[in-house]
Amino acid sequence: MSDIATTHATKGTIGENASRPDGGPKVRGEFAFSGDLWADGMLWGRTLRSPHPAARIIAIDIAAALRIPGVHAVVTAADLPASVNYGLEWRDQPVFATDVVRYVGEPVAAVAADHPEAARQACEAIDVQYEPQVPLLDPAEAAAAPPIHPDGNVFRQLTIRTGDPSARGPIVVEGAYEVGMQDQAFMGPEAGLAIPADDGGIDLIVSTQWLHNDRLQVAECLGLAPEKVRLSLGGVGGAFGAREDVSLQIHACLLAQRTARPIKIVYSREESFLGHVHRHPARIWMRHSAEADGRLVSFEARILLDGGAYRSSSYHVVANATCFSAGPYKVENALAEGIGVRTNNPPCGAMRGFGAVQVCFAHEAQMDKLAEACGVDPVEIRLRNALATGDRLLTGQVIEGTLPVARVIREAAALPLPPSPEIADPMTRPGGAGRTADAAHVRRGIGFAVGFKNLMYAEGYMDGSAARCRLSDGLATVTCAAAEVGQGFVTLAQQIARTVLGVEDVLLAPADTSIGSAGSSSASRQTWMSGGAVEKACQAVRAALLQHVADRHGIDPAQLTITDGRVTSTDARDSIDLAVADAAPGVVFEEEVEYHHRITHPLDDDGQGDAHVSLVCAAHRAVVDVDPDLGLIRVVQVATAQDVGRALNPLQVLGQIEGGIAQGLGLATMEELTLRNGRILNPSFTDYLIPTALDMPEVLATLVEEPEPGAPFGAKGVGEPPTISSTPAIVAALRAATGKALNRVPVRPQDIALGDGE
Amino acid sequence: MIPASFDYRRAASADEAIALLTENGDDAKLLAGGHSLLPLMKLRLARPSVLIDISRLADLSYIRADGDQIAIGALTRHHDVEVSELLAREVPLLPAAAGQVGDPQIRHRGTIGGSLAHGDPASDLPAVVLALGGSMVVRGPGGERSIPATEFFAGFMETALAADEVLTEIRVPRLEGAGWSFQKFNRRAHDWAIVGVAAVRRGAGSGANGGGAGVALVNMASTPVRATAVEEALAGGASATEAAAHAADGLDPPSDINATPEFRRHLAQVLVRRALEEAGA
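What counts and how
- Residues numbered from 1 in each chain as written.
- Chains lettered and ligands numbered in written order.
- Predicted model: local features only at pLDDT ≥ 70, side-chain atom pairs only at ≥ 80, totals over all residues.
- Contact = placed C-beta atoms within 7 Å.
- Helix = DSSP H or I, 4+ residues; strand = E, 2+ residues; numbered from the N terminus.
- Nonpolar A, V, L, I, M, F, W, Y, C, P; charged D, E, K, R; others polar.
- Expected span 1.5 Å × (residues − 1).
- Buried ≥ 20, exposed ≤ 12 C-beta atoms within 10 Å, placed from the backbone.
- Pairing = 2+ DSSP bridges.
- Axes fitted to C-alpha atoms, helices over the stretch in contact; angles between N-to-C directions.
- Domains from an automatic or database assignment.
- Parallel < 35°, antiparallel > 145°, perpendicular 65-115°, else oblique.
- Left-handed = near helix turned anticlockwise from the far one by under 90°.

1. Observations concerning the interface of chain B and chain A
(1) Moving on: Contacts between chain B and chain A engage 18 residues on the former and 24 residues on the latter.
(2) Moving on: Sorting the residues of the side of chain B that touches chain A by element identifies strand 11 (179-185) and helix 12 (261-279) of chain B as the ones contributing at least two each.
(3) Moving on: Among the elements that line the side of chain B that touches chain A, the one with the most residues is helix 12 of chain B, at four residues.
(4) Moving on: Class assignment of the residues belonging to the side of chain B that touches chain A gives a composition of nine nonpolar, six polar and three charged.

What follows is the structure, encoded as structure tokens:
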């Protein structure tokens, strides 16, 4: 850890390391996660899922399941009172399969029983007659194959064309790259409790990223008015994009409606892997040409993303992958073609980094090839091409905000390197716990990578967030539906209120649908969007308080200010000096606001347009030790400099950086859902490998603070950048240590030891 | 992840455990640390109708010298093996390997007897006891018998234990200064070995426990297995490198998401070479 203080301020304001209100309970095991939910008289829900990647359903017989003692209901698609489809934006996914199943794990029926074991037996007793079909599993064949869904097999095809793509510099490098299917692998499996209400509606407590979107989908499928479906946030054990789509919400509510009893559903770990979307696997081809000095002349890319059986957010993942395919580099002439397709593989959607992760692995490998071909240092070649404010993106958009690419490169490269492997602690050698490799076998490599992406949604999406602030005798209460998924919004909301209102005590009301939507906790957007809404609401309350004080003293409110928790006048003659808590005894100030960012625009037929609100970048340098005979890897250190706009809570930023690097390391070296015939072979934390504390490297971080114009407090979202360029930096280091091409992640030991990575 | 239902009985003595096994036959399983059995039950790969809990039989938890050998009670926890001063002095291979079983929580619950009786080819300790030339002391209704490690592992998760027998003690010969090595390859800390090697090299004819090499492999066959081709090559005067080339001879290593058979053969050769080099001549 380099330049970030790690001391806490219990009740901090903006810029301080305020303590998380949920931190203590989580550490002590007292925090109630959604899996802990309980209601008297509740039943247990369970989902029956397809064992086939593609099959016709001939018949479903539920009679035997209904005869099992303790079973209260068995529901299928036939029981849905209204819409039979759901989906984050496009409703292309059946709540329960009707005539066909399109992936292994697709819900077919759900049961409610008085005990989990009875529910399990009931699912086993449901007799579904399938007629298996030949599944469409190769994404390269999907576009031309017969459609496996009425909406066709192409989710989106996006071409970005700028300048003269046939222009050529004297140096040309080309490569094909592949990214495996990563899972978000959060710790707290999907869980929720649906409670039927006296008014015919439903109350649903659930771990999710976006309460209001879930509500809309539940209401549509249950045939209820949206206000009859009331959601509140259950304790969330991680999300990373996997809770943006509905999982058990509709099933639980339908069962609650049918049985008139509370329904609890908790997924097992295996079901969790089947029940949420994953990161899109990608096949990417790129060709760069450059002048002899390494300055880019042209860029071409073809990006194929496997979206699996249903659309989810594939449309937008294609946009991000294509828009950011060249990386944070200036290039005048480009042709980038992205396509996302439907297959009978598990559905893919949002995951931290969202399209930018896949292309960053490819463009950074290309930049290293270019550096080698030009005889230029990898850091230097990135500096020579670095985007900056005023430059154009591939989409023609001029960068108006901050984007300190050159600075993050320089600052990451300047961080100190770790000691050489000879003197290092044996515990840090390859082999996890450091026991198999010995120093004589170890080779060290260093790799560098830079990545960027947008913040918030794009292409004209009308994004907003609502917040309410209430102030009464110095106690502020903030209400916002932003889902706390671990990122620390709850801390920031309190810091913002303390800063604007000059109070110490800030209550955060539960996140629920009693207020307007806060949008999703995704796309690195909540600090900006809901932080902006909370700031705006608090400022409205502050203005009302100052008006009240001004009215009582017969002065202009413009003369009043709040400093260090006191209302004072800028005009010394007024002699006003009141604690905020005493400034308006018994008066309640309450304001509810909506916050919106600036308008963006769709992309045209050439993929050109002012589509993105703001951009963010980071650079990573990785140091790895490799035992090449065994293919054993030890990531020794990752150093990073990240563009954060302004760090509102440096310690929380560091938490995001360390967690994002862990996830990037996972994709680089071990995390992959292995499929065979569309079936996930490793749906467990025994076989789906995520890094442990012992696998994590030392992390050095520098926060680059160049406040973003238009952003609340100048802050940018910080959640995604650590995952984007950490993976390619680690793989670049592996290439440096082994001389292998390593064009696919995750890199497996045999790719290094047997040369399979050529 | 909830096991099928089962009856639970707690045995107060080894004899009571044997009586309960005799009474319940094949449907019963012994529960010691539970760290091998319970995961299988949760996956419903094992569905015993009766669990006989022997974890409180304190008289089966010990490590003591007995002539040329060290005797270890079957209920001795991995952690106690790992920190035993007697073993560190007399059979350091065993605590070195025990210290690599799972993670600290597992090592404080799991037992050496449970690990051996489970017969999992991916477990570390069976290969270690094979390489050491150890033996198992088992007790049944008819009394006690000793089974050499080489005859103990009968098939995939099957041992020579009869349905009514309890493994009570593991005996391993003192190393008497012989060289040894334990090599464990996994992609991530705390995981099972993808391939592992335990090796012991004694000077020819030296000491009461004889000469020669013992080399055994983790996760290279359907049982914990001795690398007999390596041992024979060494006996014939081969160098470590020459002998290691035979590491996978005659073996049919498993294929799973962690490694292909081809990669396992490669790993076995590299790890056996390193193990022999570390163990010395």
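2. Topic: helix 9 (residues 356-374) of chain A
All names here are of chain A.
(1) Moving on: The first and last C-alpha atoms of helix 9 sit 26 Å apart over 19 residues, in line with the 27 Å expected at 1.5 Å per residue.
(2) Moving on: Among the 19 residues of helix 9, 17 are classified as buried, and the element is accordingly described as predominantly covered.
(3) Moving on: Gly375 sits one or two residues past helix 9 and shows a positive phi near 70 degrees.

3. Things to note about the sheet that holds strand 1 (residues 43-49) of chain A
By way of backbone hydrogen bonds, the strands of a sheet pair with one another, either parallel or antiparallel.
All names here are of chain A.
(1) Moving on: Read across the sheet, seven strands follow the order 3-7-1-14-11-12-13 without closing on themselves; strand pairing throughout is mixed. Among the strands making up the open sheet, the edge pair consists of strand 3 (71-75) and strand 13 (229-233). When the angles between neighbouring strand axes are averaged without regard to direction, this sheet yields 20 degrees.
(2) Moving on: With respect to the sheet, helix 6 (residues 249-259) is in contact with strand 1, strand 3, strand 7 (107-113), strand 11 (191-196), strand 12 (202-206) and strand 14 (263-266), its orientation differing from that of strand 11 by roughly 30 degrees.

4. Re the sheet that holds strand 15 (residues 282-290) of chain A
Residues and elements named next belong to chain A.
(1) Moving on: Strand order in the open sheet made by the six strands is 9-17-16-15-10-31, with mixed pairing throughout. The sheet is open, and its two borders are formed by strand 9 (154-162) and strand 31 (744-745), each paired with just one other strand.
(2) Moving on: Of the strand pairs in this sheet, strand 15 and strand 16 (residues 296-306) are connected by nine bridges, and their pairing is antiparallel. In the strand pairing of strand 16, Ala282 is matched with Leu305.
(3) Moving on: Packed on one face of the sheet, helix 8 (residues 314-323) meets strand 9, strand 16 and strand 17 (333-341) and runs near 25 degrees to strand 9.

5. Section: the domain arrangement of chain B
Residue and element names in this part refer to chain B.
(1) Moving on: Partitioning chain B into structural domains gives domain 1 (7-53), domain 2 (58-173) and domain 3 (179-279).
(2) Moving on: Computed from C-alpha coordinates alone, the two centres of domain 2 and domain 3 are separated by 19 Å.
(3) Moving on: Each side of the interface is counted separately: domain 2 has 24 residues, and domain 3 has 23 residues.
(4) Moving on: For the side of domain 2 that touches domain 3, the leading source of residues is helix 8 (residues 124-132), giving seven residues.
(5) Moving on: Across the side of domain 2 that touches domain 3, the residue classes break down as 15 nonpolar, six polar and three charged.

6. Description of the packing of helix 14 (residues 650-669) of chain A against helix 16 (residues 726-738) of chain A
Residue and element names in this part refer to chain A.
(1) Moving on: Across the interface, helix 14 lies against helix 16 with an axial gap of 8 Å and an inter-helix angle of 50 degrees. If you check the angle between helix 14 and helix 16, you find them oblique. As helix 14 runs across helix 16, the sense of the crossing is right-handed. Taking contact as the criterion, the partners of Gly660, Ile661, Gly664, Leu665, Leu667, Ala668 and Thr669 in helix 14 are, on helix 16, Ser726, Thr727, Ile730 and Val731.
(2) Moving on: Tallied by class, residues from the contact of helix 14 with helix 16 come to six nonpolar, five polar and no charged.

7. What to know about helix 11 (residues 405-414) of chain A
(1) Moving on: For helix 11 of chain A, the full list of buried residues reads Val405, Val408, Ile409, Glu411 and Ala412 of chain A.
(2) Moving on: Buried-residue contacts for helix 11 of chain A involve helix 10 (378-385), strand 18 (443-455), strand 26 (614-627), strand 27 (632-643) and strand 30 (698-704) of chain A.

8. Section: unusual backbone geometry
Residues and elements named next belong to chain A.
(1) Moving on: A cis geometry characterises the amide bond from Val745 onward to Pro746, with omega recorded as 0 degrees.
(2) Moving on: As for its position among the elements, Pro746 is in the loop between strand 31 and helix 17 (749-753).
(3) Moving on: Although it is not a glycine, Met456 adopts a positive phi angle of roughly 75 degrees.
(4) Moving on: Its location among the elements puts Met456 in the loop between strand 18 and strand 19 (464-472).
(5) Moving on: Note on Met456: 20 C-beta atoms within 10 Å, which makes it buried.

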